[in-house]
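Remarks on the overall topology
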Amino acid sequence: MTKHTITPQPGAILGDAHTCDCGVHLADRMTAEVHAAEHQQCTVCLGSAEELVAPGLSRGCTACAGTGGRREQITWQLAHTEAERLITMSVVRGVVGDLDGPFHLSHIADLVRAGLGLQAGRLPVGPRVRDLLLELQGAGEITMLSAPDELIDGTDVVLYRDPQWQRVRTLGL
Ligand SMILES: [Zn+2]
Ligand SMILES: [Zn+2]
């Protein structure tokens, strides 16, 4: 079976040319994505299973859960939609409202997973809960206590692996 892992062509300054392991030359990103889909590769990482977070730093592709496969990508897309439907702002706000001290993202994700009776690993609970906690943070209901776990040299990228927040106390109920 021919592999169809697609990689950006080194030195391609103009345009966005890619080449595939099967030898095909792909003129731009769009063509590369079509070729990836035709051969059951993830259209985000183009089958490499990795995504570039910053120059020189890559991690497992979040779109296909690090598999590089189109089928996994579609399954994971559905799982994301399902997570958005099940895990609403009121669910997360309810969980956070019961806590007094600081809390970690992983702790809230565990409580939400348990509260909804979700099996571990079936839905992207962590990323969904993180997005909602960031919304609460934006609304001023909680503040982040964590320092970044990693600063990527020469970029604006900071990574938080398991950030910690605390509820903002409102004076005079
Ligand atoms: Zn190919
Ligand atoms: Zn991927």
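Focus on the coordination of the zinc ion (ligand 1)
The coordination sphere of the zinc ion (ligand 1), as far as protein atoms go, consists of His4 (ND1), Cys20 (SG), Cys22 (SG) and His35 (NE2), spread over 2.0 to 2.3 Å. For the zinc ion (ligand 1), the four donor atoms in the first shell make angles of 102 to 117° at the metal, so the coordination geometry reads as tetrahedral. Mapping the donors of the zinc ion (ligand 1) onto the primary sequence gives the spacing H-x15-C-x1-C-x12-H. Placement of Cys20 in strand E2 (residues 18-20) and of His35 in helix H1 (residues 29-38) is noted, with a sequence separation of 15 residues between them. Of the two residues examined, Cys20 and His35, each falls in the buried class.

Comments concerning the sheet that holds strand E3 (residues 25-26)
The antiparallel open sheet is built from three strands, whose spatial order is E1-E2-E3. The sheet terminates laterally at strand E1 (6-8) and E3, the two strands that pair on one side only. Judged from the three bridges that link them, E1 and E2 form a sheet pairing that is antiparallel. When the bridges of E2 are listed, Pro8 appears paired with His18.

Some details on the nonpolar core
Grouped burial of nonpolar side chains is what soluble globular proteins tend to show. Counting 22 residues, the largest nonpolar core has Val92, Ile108, Val129 and Leu133 as its most contacted members. Looking at this core, the elements that each hand over two or more residues are helix H2 (70-86), helix H3 (89-97), helix H4 (105-116) and helix H5 (125-138). Of all the elements, H5 adds the most residues to this core, at five residues. Beyond its immediate chain neighbours, meaning those up to four positions away, Val129 contacts Ile87, Val92, Leu105, Ile108, Ala109 and Val112. Residues Ile6, Ala32, Ala36 and Leu46 belong to the second largest nonpolar core, which totals six residues.

Examining the coordination of the zinc ion (ligand 2)
Bound to the zinc ion (ligand 2) are the protein donor atoms Cys42 (SG), Cys45 (SG), Cys61 (SG) and Cys64 (SG), situated 2.2 to 2.3 Å from the metal. In the primary sequence, the donor residues of the zinc ion (ligand 2) line up as C-x2-C-x15-C-x2-C. Here the residue Cys42 occupies a position in the loop between H1 and strand E4 (50-54), and Cys64 occupies one in the loop between strand E5 (57-60) and H2, the gap between them amounting to 22 residues. Neither residue differs from the other here; Cys42 and Cys64 are each classed as buried.

Side note on the packing of H3 against H5
The geometry of H3 relative to H5 is characterised by a closest axis approach of 10 Å and an angle of 75° between their N-to-C directions. Relative to H5, the element H3 lies roughly perpendicular. Here H3 contributes Met89, Val92, Arg93 and Val96 to the contact with H5, which in turn contributes Val129, Leu132, Leu133, Glu135 and Leu136.

Thresholds applied
- Residues numbered from 1 in each chain as written.
- Chains lettered and ligands numbered in written order.
- Predicted model: local features only at pLDDT ≥ 70, side-chain atom pairs only at ≥ 80, totals over all residues.
- Heavy atoms only, no water.
- Donors = N, O, S within 2.8 Å, 3.2 Å for Na, K, Ca; no water.
- Tetrahedral: all angles 85-135°; square planar, octahedral: opposite > 155°, others 65-115°.
- Helix = DSSP H or I, 4+ residues; strand = E, 2+ residues; numbered from the N terminus.
- Buried < 20%, exposed > 50% of the residue type's maximum accessible area, 1.4 Å probe, protein only.
- Pairing = 2+ DSSP bridges.
- Core = buried A, V, L, I, M, F, W, Y, C linked by side-chain atoms within 4.5 Å.
- Contact = heavy atoms within 4.5 Å.
- Axes fitted to C-alpha atoms, helices over the stretch in contact; angles between N-to-C directions.
- Parallel < 35°, antiparallel > 145°, perpendicular 65-115°, else oblique.

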